[in-house]
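Structural characterization, general
Listed here are the chains, written in short residue letters.
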Amino acid sequence: MTRRLAEVAKKVGMSEATVSRVLNGKRGVSEATREAVLTALDVLGYERPTRLRGDRARLVGLVLPELQNPIFPAFAEVVGGALAQQGFTSVLCTRTVGGVSESDYVDLLLSQHVSGMVFAGGMYAQGDASHEHYERILERRLPTVLVNASVGHLSFPQVSCDDVAAAEMAAGHLRALGHERIGMVMGPSDHMPSRRKLDTFAAYAQVHGLEFGEESVEHAMFSLEGGHAAAARLVRRGFTGLICASDLLALGAIRAARRAGLAVPRDISVIGYDDSALMNCVDPPLTTVRQPIDAMGRAAVDLLIAQIDAATVQGDELLFEPELVVRASTAPATRKPVAA
């Protein structure tokens, strides 16, 4: 019992006396403190006292924004497999428009006494979104990992694809093909990975004498329809190369170019991001920047398991190198740029 008290107290950063009060059901303990102690018991593998025991399993919540984008099922497969090798079961949670929110899922997973959570494409990446549910996780000291860039005040360990390298690769490829007017189809304006890519391209354009301004960028929701609408505006402005923040946005951009009577890549080149499933089978096969999903997913699980095992894990961001995959949606610039 003394050893258990000491280990739990160390895990939650509280005194053994406080932990003892929780385990004995004493009054005068806040709900946040109580939940933090109970969560620590779960992740350390100790049985709860009978009066405090609920249904507990070695569960890890995997929270994703959707499954229509092929990159997310691919990530779920990697993480789920890596967790299974460690004896954990993943609980897949996907947000629905007008339905269950990410915050709702967090409450549900906390009530199920999960051992940890992994988020990908979550609200943590949007600067203007509410982040209160992440604060609840921090208060509970629940092992958690975020995938791809988050807002600055959240101190969870993170696993990210290097947005700076990705933007430089895409811009360098189009510049090498002779494109002088390059537009960008990015996610929402408060989306942190998109902001990183934009800042990188702005710096790259200044160094290499490429045109860049407000008219060079369009923001959209991450969907084929959003990519179509945003790219159509850039096509009308005469851009000959488009860099997109996802493969779905890039497919929308290709559709927009065709609706305008242009051919890809003869008249306009398009680059995606992710290298999600079947991008080598679309027409034309998509040039894209590949995220190393397998390596990132396994690293996220390693960071999570380390936290569950009570190891000290810093709230740093691990950056993984992307890869430019050149296919048939990019070609040398032939169409004369049109001034905006």
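A brief look at the structure comes next. Since we're looking at a predicted model, the values are computed, not measured.

**Here's the deal with the overall build of the protein**
- Across its full length, the protein holds 11 helices and 12 strands.
- Once the C-alpha set of the protein is aligned to its principal axes, its extents read approximately 75 × 35 × 35 Å.
- Residue burial in the protein is summarised as follows: out of 340 residues, 54% are buried.
- Within the protein, contacts between residues separated by at least 24 positions form 71% of all contacts whose residues are at least 6 apart in sequence.
- For the protein, the accessible area works out to roughly 14700 Å², and carbon and sulfur atoms hold 50% of it.

**Thoughts on the side chain of aspartate 162**
- Locating aspartate 162 in the fold gives a position in the loop between strand S5 (158–161) and helix H7 (163–176).
- Here aspartate 162 is buried and forms no salt bridge, its nearest opposite-charge partner arginine 196 lying at an N-O distance of 6.3 Å.
- At 3.2 Å, the side chain of aspartate 162 and the backbone nitrogen of alanine 165 are in polar contact.
- Setting aside chain neighbours within four positions, we find aspartate 162 in contact with Leu319, Phe320, Glu321 and Pro322.

**A closer look at the layout of surface pockets**
- Estimates place the volume of the largest pocket at around 960 Å³.
- Lining the largest pocket are 41 residues; nearest its centre among them are Pro65, Glu66, Phe72, Gly121 and Phe222.
- When residues of the lining of the largest pocket are traced back to their parent elements, those giving at least two are helix H4 (71–85), helix H8 (192–208), helix H9 (224–236) and strand S9 (269–274).
- Of the residues in the lining of the largest pocket, the class split is 20 nonpolar, 15 polar and 6 charged.
- Volume-wise, the second largest pocket comes out at about 570 Å³.
- Along the walls of the second largest pocket sit 19 residues, with Lys11, Arg141, Gln307, Ala311 and Val313 positioned nearest its centre.

**Thoughts on the sheet that holds strand S7 (residues 217–219)**
- Across the sheet, 6 strands lie side by side as S7-S6-S8-S9-S10-S12; this open sheet has mixed pairing. Every interior strand has two partners, whereas the edge strands, S7 and strand S12 (323–325), have only one. The mean inter-strand angle of the sheet, taken between neighbouring strand axes irrespective of direction, is 20°.
- Direction of pairing for strand S6 (residues 182–186) relative to S7: parallel, over a ladder of 3 bridges.

**What to know about the state of the cysteines**
- For the coordinates displayed, the defined rule picks out 0 disulfides.
- Here cysteine 161 is not cross-linked by a disulfide; its sulfur's nearest cysteine counterpart is in cysteine 244, at 16 Å.
- A residue is classified by how much of its surface remains accessible, and cysteine 161, at 0% relative accessible area, is buried.

**Some words on H7**
- Taking 1.5 Å of rise per residue, the 14 residues of H7 would be expected to cover 20 Å, and the 20 Å separating its terminal C-alpha atoms lies within 8% of that figure.
- Those residues of H7 that sit buried are Asp163, Ala165, Ala166, Ala167, Ala170, Ala171, His173 and Leu174.
- With a side-chain oxygen lying 3.0 Å from the backbone nitrogen of valine 164, the N-terminal cap of H7 falls on aspartate 162.
- Of the residues one or two after H7, glycine 178 is the one with positive phi, at around 90°.

**Some words on the pairing of strand S4 (residues 144–147)**
- Of the two faces of S4, the one holding Thr144 and Leu146 and the one holding Val145 and Val147 are both buried throughout.
- Strand direction decides the pairing type here: strand S3 (residues 116–120) and S4, joined by 4 bridges, are parallel. Note on S4: the bridge partner recorded for valine 118 is valine 145.
- As for the winding sense of the linkage, the β-α-β connection from S3 through helix H6 (residues 132–140) to S4 is right-handed.

**Focus: the pairing of S9**
- Taken across its 6 residues, S9 has 6 buried, putting it largely inside the fold.
- In this fold, strand S8 (residues 241–244) hands off to helix H10 (residues 247–259), which returns the chain to S9; that crossover is right-handed.
- Looking at chain direction, S9 and strand S10 (residues 287–290) are connected through 4 bridges and run parallel. Bridging across to S10, tyrosine 273 finds its partner in valine 289.

**Looking at the packing of aromatic side chains**
- For the structure on display, the rule yields 4 aromatic pairs.
- Between the aromatic rings of phenylalanine 119 and tyrosine 134, the centroid separation amounts to 5.4 Å while the plane-to-plane angle is 70°, which identifies the pairing as edge-to-face. Of this pair, phenylalanine 119 sits in strand S3 while tyrosine 134 is found in helix H6, placing the two residues 15 residues apart along the sequence.
- The buried category is assigned to phenylalanine 119, whose relative accessible area is 0%.
- For tyrosine 134, a relative accessible area of 0% translates into the label buried.
- Aromatic pair phenylalanine 201 and phenylalanine 212: ring centres 5.4 Å apart, planes at 65°, arrangement edge-to-face. Highlighted residues: phenylalanine 201 in helix H8 and phenylalanine 212 in the loop between H8 and S7, separated in sequence by 11 residues.
- A relative accessible area of 30% means that phenylalanine 212 is categorised as partly exposed.
- Three or more aromatic residues link up through ring pairs in this structure, and these residues are Phe119, Tyr124, Tyr134 and Phe156.
- Seen from the ring of phenylalanine 239, arginine 181 lies directly overhead, with NZ or CZ sitting 4.2 Å from the centre.

**Describing the environment of serine 160**
- Here serine 160 shows up in strand S5.
- Linking serine 160 and alanine 299, residues 139 residues apart in sequence, is a C-alpha distance of 9.9 Å.
- When sequence neighbours within four positions are dropped, the list of residues in contact with serine 160 reads Asn148, Ala149, Met296, Glu317, Leu318, Leu319 and Phe320.

What counts, and at which threshold
- Residues numbered from 1 in each chain as written.
- Predicted model: local features only at pLDDT ≥ 70, side-chain atom pairs only at ≥ 80, totals over all residues.
- Heavy atoms only, no water.
- Helix = DSSP H or I, 4+ residues; strand = E, 2+ residues; numbered from the N terminus.
- Buried < 20%, exposed > 50% of the residue type's maximum accessible area, 1.4 Å probe, protein only.
- Contact = heavy atoms within 4.5 Å.
- Areas by Shrake-Rupley, 256 points an atom, 1.4 Å probe, with all protein chains shown as cover.
- Lys, Arg positive; Asp, Glu negative; His and termini not counted.
- Salt bridge = Lys/Arg side-chain N within 4 Å of Asp/Glu carboxyl O.
- Polar contact = N/O pair within 3.5 Å; in protein donor to acceptor, adjacent residues only side chain to side chain.
- 1 Å grid on protein atoms, 1.4 Å probe; cavity = no way out; pocket = protein on both sides within 12 Å on 5 of 7 lines; lining within 4 Å.
- Points joined across faces, edges and corners; volume = space filled by probe spheres on them.
- Nonpolar A, V, L, I, M, F, W, Y, C, P; charged D, E, K, R; others polar.
- Pairing = 2+ DSSP bridges.
- Axes fitted to C-alpha atoms, helices over the stretch in contact; angles between N-to-C directions.
- Disulfide = S-S within 2.5 Å.
- Expected span 1.5 Å × (residues − 1).
- Right-handed = clockwise from strand over helix to strand, strands pointing away.
- Phe/Tyr/Trp six-rings, centres within 6.5 Å; stacked < 30°, edge-to-face > 60°.
- Lys NZ or Arg CZ within 6 Å of the ring centre and 35° of its normal.

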